[in-house]
2 protein chains.
Amino acid sequence: MPKIAIDAMGGDHAPGVVIEGALLAARELGVEIVLVGQQEVVEQELAKHSGAPNFQIVAAPQAVPMHESPSVALRKKDSSMRVGFELMKRGEADALVSAGNSGAMMAIGMFVMGRLSQVARPAILVVVPSLGKGTVIVDAGANVDCKPLHLVQFGLMGSIYAEKILGVTNPRVGVLSNGEEDSKGTELTRAANQQLAAAPVNHIGYVEGRDIFNGKVDVVVCDGFTGNVALKTMEGVASFAGEVLKGAFQKNISSKLGYVMSRSSLKQAYRRLDYAEYGGAPLIGFDGVAIIAHGGSKPPSVPQAVRPRR
Amino acid sequence: MPKIAIDAMGGDHAPGVVIEGALLAARELGVEIVLVGQQEVVEQELAKHSGAPNFQIVAAPQAVPMHESPSVALRKKDSSMRVGFELMKRGEADALVSAGNSGAMMAIGMFVMGRLSQVARPAILVVVPSLGKGTVIVDAGANVDCKPLHLVQFGLMGSIYAEKILGVTNPRVGVLSNGEEDSKGTELTRAANQQLAAAPVNHIGYVEGRDIFNGKVDVVVCDGFTGNVALKTMEGVASFAGEVLKGAFQKNISSKLGYVMSRSSLKQAYRRLDYAEYGGAPLIGFDGVAIIAHGGSKPPSVPQAVRPRR
């Protein structure tokens, strides 16, 4: 049975929501869970749930706040993140899941686990919903300043992930740009686009922001600044559109009834659009399995981050 | 009565849709319209509409295709864009509207009209829907490689636009970044963020992709590469979510009835979310008024691009 370490102290709603999520994960998935965090706090939270399984707790007295700088976080020897990574390093956990500070996750992961040989820069990989099987975006925020080689490696790693984990045959890899013509983009994207053409991936050239969703591409390659802006823009649009639609359904008696009649189909649609359903974001390029659950994670997103994809 | 030149040959669906749009604009807004394009083609299109007003047509034998490089487009002395800008230059039109190639618009506008004194780089300004009065994004795609000074000027111009055109008092200006802390971002965003703090605008520091929609910021400043990626990502999410919702309503009898009952409120919501309703994108920093209508423009978006905001 795979053994998953969960950082009980990571995320906007830790530890309560994380522990609810851990309980869900233990129930829904055949995995063994180790909670890493402040012993007493974790025990108190667990005590709120009658019939909670007897989770192993590994004590880690310090927590890493969401906006702490990675260099400060790295100096904490007893943070739940650090202790979690060390468990994995010693082989006492197969993977680590945290909804915490992703910059700190990268830094501590890099320090404790090290990179895979030949990988220049680990990155954050995110799968977003699309008209296809979902689209992989690498880098989703770890590396702000990138060189063409980094983007080429993001493409390679993303392609392997799409094939092995999402089950996409011969994944199409594109470089995110501001237009389809090779002359568009920045110096970085032009060089990466050229070098990817010679790499052992199914390179389809430049793609644009809208292609992330239309099923035209399986792996979108970009630097972490651009990836982060694109992802947060998606979240923003989705939550804005959700607000506007909610308002529309509440407008009058007819629209309220309309909502009731279409509710079950709409809920399915919402799940298809919901970020959290697509699970956590793996840090790729490390010698280990570390998954970042969404910082504002609700309990159901914890099992999504834990479970193996399909 | 303001006199608006419309590039009849510009856009994915030119000239048919552009001319339909021009007819709508003439009917809805008190403006005089001059159509610029291939005389015969424009006349044939107009002939399809019985009772069409007697538009002035200014002949321009060449068209600029959507993906033509700006430098090639610039060499065409008789393109509808070029002739349109020249009309404005001579004072025979107060503004030019085109749904065509935005790179070519920038290049030809720059050549014919020139920049406003002290503006280093004209830019494309877009207003997107938000929980507030709409959010200004500058630059939405004109300048891929920017210096901090350019971003500072985008912030100044965007602030003036938000105040004078959208009616926002003391507009909040933020630099688009991958996090809120000043230490985040690229070299470019950090320098621009610092310099904007000393500029005569209501600078609020860094903002993130999701803030574009939540009413927290009025003017979002970024380079044209990032702006383009963010905008096209928005379009992509919106159209994907639209598809998924459409599917949800078509799912079964109950959801179909539900749609019928909520249709009128949903249509209002859709208009609030629809890009085209927010009108064209002005090129700012030129000595003239040039508006880019969305390339995939439907007829109603032409009057939206022509009309003065509120």
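Residues numbered from 1 in each chain as written. Chains lettered and ligands numbered in written order. Predicted model: local features only at pLDDT ≥ 70, side-chain atom pairs only at ≥ 80, totals over all residues. Heavy atoms only, no water.

## Remarks on the interface of chain A and chain B
And step 1. With 50 residues of chain A at the interface, the matching set in chain B holds 50 residues.
And step 2. Taking both sides of the interface into account, the surface hidden between chain A and chain B amounts to around 4,600 Å²; carbon and sulfur atoms contribute 71%.
And step 3. Three residues stand out in chain A for area buried against chain B, namely Phe225, Phe240 and Met261 of chain A, and they jointly supply 15% of the buried area on that side.
And step 4. Summed over the shared surface of chain A and chain B, the number is 4 salt bridges. (Contact = heavy atoms within 4.5 Å. Buried area = accessible area lost by both parts, 1.4 Å probe. Salt bridge = Lys/Arg side-chain N within 4 Å of Asp/Glu carboxyl O.)

## Some remarks on the pairing of strand β10 (residues 281-284) of chain A
And step 1. Residues of β10 of chain A alternate between two faces, with Ala281 and Leu283 of chain A on one and Pro282 and Ile284 of chain A on the opposite face, all of them buried.
And step 2. Hairpin connection, β10 of chain A to strand β11 (residues 290-292) of chain A: the antiparallel pair is bridged by 5 residues, and Gly285 of chain A has positive phi, about 100°. (Buried < 20%, exposed > 50% of the residue type's maximum accessible area, 1.4 Å probe, protein only. Helix = DSSP H or I, 4+ residues; strand = E, 2+ residues; numbered from the N terminus. Pairing = 2+ DSSP bridges.)

## Some details on helix α9 (residues 253-273) of chain B
And step 1. The largest bend along α9 of chain B reaches roughly 65° and is located at Arg263 of chain B.
And step 2. All buried positions along α9 of chain B are accounted for by Ser255, Gly258, Ser262, Ser265, Leu266 and Ala269 of chain B.
And step 3. Elements in contact with the buried residues of α9 of chain B: α8 (224-249) and α9 (253-273) of chain A together with α8 (224-249) of chain B. (Bend = angle between axes of the 7 residues up to and from the residue.)

## Quick notes on the relation of the copies chain A and chain B
And step 1. Rotating chain A by 180° and moving it 0.0 Å along the rotation axis overlays it on chain B with an RMSD of 0.0 Å. Each copy turns onto its partner about a two-fold axis. Closest to the rotation axis within chain A is the C-alpha of Gly258 of chain A, separated from it by 1.8 Å.
And step 2. The residues that chain A uses at the interface reappear at the interface of chain B in 100% of cases, marking a shared surface. (Least-squares fit on C-alpha atoms with pLDDT ≥ 70 in both.)

## Here's the deal with the environment of Gly141 of chain A
All names here are of chain A.
And step 1. In this structure, Gly141 sits in the loop between β6 (135-138) and α6 (148-164).
And step 2. Residue class for Gly141 comes out partly exposed when judged on its relative accessible area of 21%.
And step 3. Separated by 103 residues in the primary sequence, Gly141 and Val244 place their C-alpha atoms 28 Å from one another.
And step 4. Apart from the residues within four sequence positions on either side, Gly141 is in contact with Ile124, Gly224 and Asn228.

## Here's the deal with helix α4 (residues 80-89) of chain B
The periodicity of an α-helix, 3.6 residues per turn, causes residues three or four places apart in sequence to face the same way.
Residues and elements named next belong to chain B.
And step 1. In terms of residue burial, α4 counts as a mostly covered element, since 8 of its 10 residues are buried.
And step 2. Looking only at α4, the buried set comprises Ser80, Met81, Arg82, Val83, Gly84, Phe85, Leu87 and Met88.
And step 3. At the C-terminal side of α4, Gly91 shows a positive phi close to 80°.

By themselves these figures say nothing about function.
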